[in-house]
Amino acid sequence: MPSRTRAIRAIRATCAAVLHVLAPTTAAAMLCAVVGLSSTPVAALPVGVPAALGSDWSAAPASGGGSGERPYFYLEGRPGAVLEDTVAVTNPGDRPRTVRLRGADAYNTSGGAFAVRAPGRSTGTGTWIALADTEVEVPARTRAEVPFTVTVPQDAVPGDHPGAVVVSGGGREAGVRVHLRVNGPTLSALSVEDVSVVETGEGTGIRYALVNRGNTALRPRLAVRGDGLFGEVLRREARALPLELLPGQRVRLTEPWRDPPALDAAEVTLTATAEHGARASATASYAAFPWGVAALSLLLVATGAGASVHALRRRGRVNREGEDPAERSAQVQGSRGQLTESASGAAR
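Residues numbered from 1 in each chain as written. Predicted model: local features only at pLDDT ≥ 70, side-chain atom pairs only at ≥ 80, totals over all residues. Heavy atoms only, no water.

**Student:** Please explain the overall build of the protein chain as it appears in this structure.
**Tutor:** The number of helices and strands found in the protein chain is four helices and 18 strands. Every one of the 348 residues in the protein chain was classed for burial, and the buried ones make up 40%. In the form shown here, the protein chain has an accessible surface area of approximately 19,400 Å², with 54% of it arising from carbon and sulfur atoms. (Helix = DSSP H or I, 4+ residues; strand = E, 2+ residues; numbered from the N terminus. Buried < 20%, exposed > 50% of the residue type's maximum accessible area, 1.4 Å probe, protein only. Areas by Shrake-Rupley, 256 points an atom, 1.4 Å probe, with all protein chains shown as cover.)

So this is what it looks like as structure tokens:
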């Protein structure tokens, strides 16, 4: 057993030396994976563009006599409260335009975009929204304002309840975001899950999932680090991701890795942070082992195994007293010579 252990250690040392020599001179893999967006029942609404804009009509929160335009609806109240606001639909054209309005739940697509539920699919905030009119004819070069209420159920849980006022007309549909917060304790928490290093067909990428485990919307930041056998192979400081992660939502993203080591073994760690102290990390293993090095390693393993077998066979030929059979044969032959010589002397 000690001989086998020494052989294994020798093979490991040789492989490490080969990696140390070849890694700095081996060409790195190129290009990156692209974050994909999945299709949605209605339309993905870009973060930061909450108003429904268009050449034929547009929708946005009514100014309400305040200074400046509001980018989205922000409403806050306790369970049981009835909250009020107004959506404005503008028709810049030279003929009347009929639009339809409805409330909808908001959610994240698998790629992280903000989207709204299709008609009849809402079960939360969308069902709490009641519009004064669900169909409005807007005269040419005129703006129509439609009041609506949000009735918060008595058993609504505290935290953020994202939704939208969806407007459709002229063959398109878009939404104005409703940021609703129900008063009570809030929790900011997230997790990083299912991390893996993958080949996407366009390069190497780090695939992972982000999950909002709390009850507030989060704007996550991501830091990436990779540690190989011979030091750090990847380091990216925390940066903001282009998404808002809604409560209870899970998104699948891919972080591009343009220059992974072509010959190394590394641990890749993703750390996500967000406001109010939310933080989570997860790790995945990465190994690059070209065919040439694999063949060399197999040769080394085979050589070591052959040496071990030879040593074991030689040890098996040693007798129980620890004598080598060749040495014992020489001793027997020497003894026979002495006996012959003694017999000849006696005959004389």
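There's plenty left to go through after this.
**Student:** Quick question: what am I supposed to make of the environment of Gly77 here?
**Tutor:** Looking at where Gly77 falls in the secondary structure, it is placed in strand S3 (residues 73-77). Taking the C-alpha atoms as reference points, Gly77 and Pro158, 81 residues apart in sequence, are found 9.7 Å from one another. Every residue in contact with Gly77, bar those within four places of it in the chain, is listed here: Leu83, Arg181, Val182 and Asn183. (Contact = heavy atoms within 4.5 Å.)

**Student:** So what exactly am I meant to see when it comes to the sheet that holds strand S18 (residues 279-288) here?
**Tutor:** What holds strands together in a sheet is hydrogen bonding between their backbones, with the strands either parallel or antiparallel. As summarised here, the arrangement of the four strands in space is S15-S14-S17-S18, forming an open sheet in which the pairing is antiparallel. Edge strands, defined here as strands with exactly one partner in the open sheet, are strand S15 (231-240) and S18. Each strand of the sheet is rotated relative to its neighbour by a mean of 15°, with strand direction disregarded. (Pairing = 2+ DSSP bridges. Axes fitted to C-alpha atoms, helices over the stretch in contact; angles between N-to-C directions.)

**Student:** How should I be thinking about the packing of aromatic side chains in this particular structure?
**Tutor:** Within a pair of aromatic rings, the relevant descriptors are the distance that separates the centres and the angle that separates the planes. According to the stated counting rule, one finds two aromatic pairs in the structure shown. Ring geometry for Phe73 and Phe148: centres 5.0 Å apart, planes at 85°, overall edge-to-face. Here the residue Phe73 occupies a position in strand S3, and Phe148 occupies one in strand S9 (residues 142-151), the gap between them amounting to 75 residues. The buried category is assigned to Phe148, whose relative accessible area is 2%. Plain terms: the ring middles of Trp257 and Tyr286 are 5.0 Å apart, the flat faces sit at 55° to each other, and that makes the pair tilted. In this pair, Trp257 sits in strand S16 (residues 250-257) while Tyr286 sits in strand S18, placing the two residues 29 residues apart along the sequence. With a relative accessible area of 0%, Trp257 lands in the buried category. (Phe/Tyr/Trp six-rings, centres within 6.5 Å; stacked < 30°, edge-to-face > 60°.)

**Student:** Please explain the layout of surface pockets as it appears in this structure.
**Tutor:** By rolling a water-sized probe across the atoms, one finds the places where empty space is left. Roughly 350 Å³ of volume is contained in the largest pocket. Listed by contribution, the elements that provide at least two residues to the lining of the largest pocket are strand S10 (159-169) and strand S11 (172-182). With five residues, S11 is the single largest residue contributor to the lining of the largest pocket. Tallied by class, the residues present in the lining of the largest pocket amount to eleven nonpolar, eight polar and six charged. (1 Å grid on protein atoms, 1.4 Å probe; cavity = no way out; pocket = protein on both sides within 12 Å on 5 of 7 lines; lining within 4 Å. Points joined across faces, edges and corners; volume = space filled by probe spheres on them. Nonpolar A, V, L, I, M, F, W, Y, C, P; charged D, E, K, R; others polar.)

**Student:** Please clarify how the pairing of S11 should be interpreted in this entry.
**Tutor:** In this sheet, S11 lies alongside S3 in parallel orientation, the contact comprising five bridges. Its bridge partner being in S11, Leu75 is matched across the sheet by Leu180. Taken together, the eleven bridges between S10 and S11 define a ladder with antiparallel strand orientation. Across the sheet, Gly169 pairs through a bridge with Arg172, a residue of S11. Between S10 and S11, which pair antiparallel and follow one another directly, the connecting turn spans two residues, one of which, Gly170, has a positive phi of 65°.

**Student:** Got a minute to help me understand the pattern of salt bridges in this structure?
**Tutor:** It is possible for side chains of opposite charge to pair when their charged atoms get near one another. Applying the stated criterion across every chain yields a total of 17 salt bridges. Across the pair Asp85 and Arg70 runs a salt bridge whose closest N-O atoms are separated by 2.8 Å. Within this pair, whereas Asp85 is found in strand S4 (residues 82-91), its partner Arg70 is found in the loop between strand S2 (58-61) and S3, the two being separated by 15 residues in sequence. We classify Asp85 as buried; its relative accessible area is 13%. By relative accessible area, Arg70 is classed as partly exposed at 29%. (Salt bridge = Lys/Arg side-chain N within 4 Å of Asp/Glu carboxyl O.)

**Student:** Please explain the confidence of the model for the protein chain as it appears in this structure.
**Tutor:** Keep in mind that low pLDDT regions are not for reading the predicted coordinates in detail. Averaged over all residues, the pLDDT of the protein chain is 79; the fraction at 70 or higher stands at 66%. Segment residues 46-50: pLDDT under 50, and nine contacts once partners within four positions in sequence are set aside and those in other chains are kept. (pLDDT = per-residue confidence, 0-100.)

**Student:** What am I meant to see in the environment of Pro247 here?
**Tutor:** Within the secondary structure layout, Pro247 lies in the loop between S15 and S16. Taking the C-alpha atoms as reference, Pro247 lies 7.8 Å from Leu218; in sequence the two are 29 residues apart. Discounting residues that sit within four places of it in the chain, Pro247 has contacts with Asp160, Pro162, Asn212, Gly214, Asn215, Thr216 and Ala217.

**Student:** Explanation requested: the sheet that holds S2 in the structure shown.
**Tutor:** Here we have four strands laid out as an open sheet, ordered S2-S4-S9-S7, and antiparallel in their pairing. Bordering the open sheet on either side are S2 and strand S7 (129-131), each of which pairs with just one other strand. Strand-to-strand twist across the sheet, computed as the mean angle between neighbouring axes with direction ignored, equals 30°. Two elements, S4 and S9, share ten bridges in a ladder whose sense is antiparallel. Along S9, the bridge assignment pairs Thr86 with Pro147.

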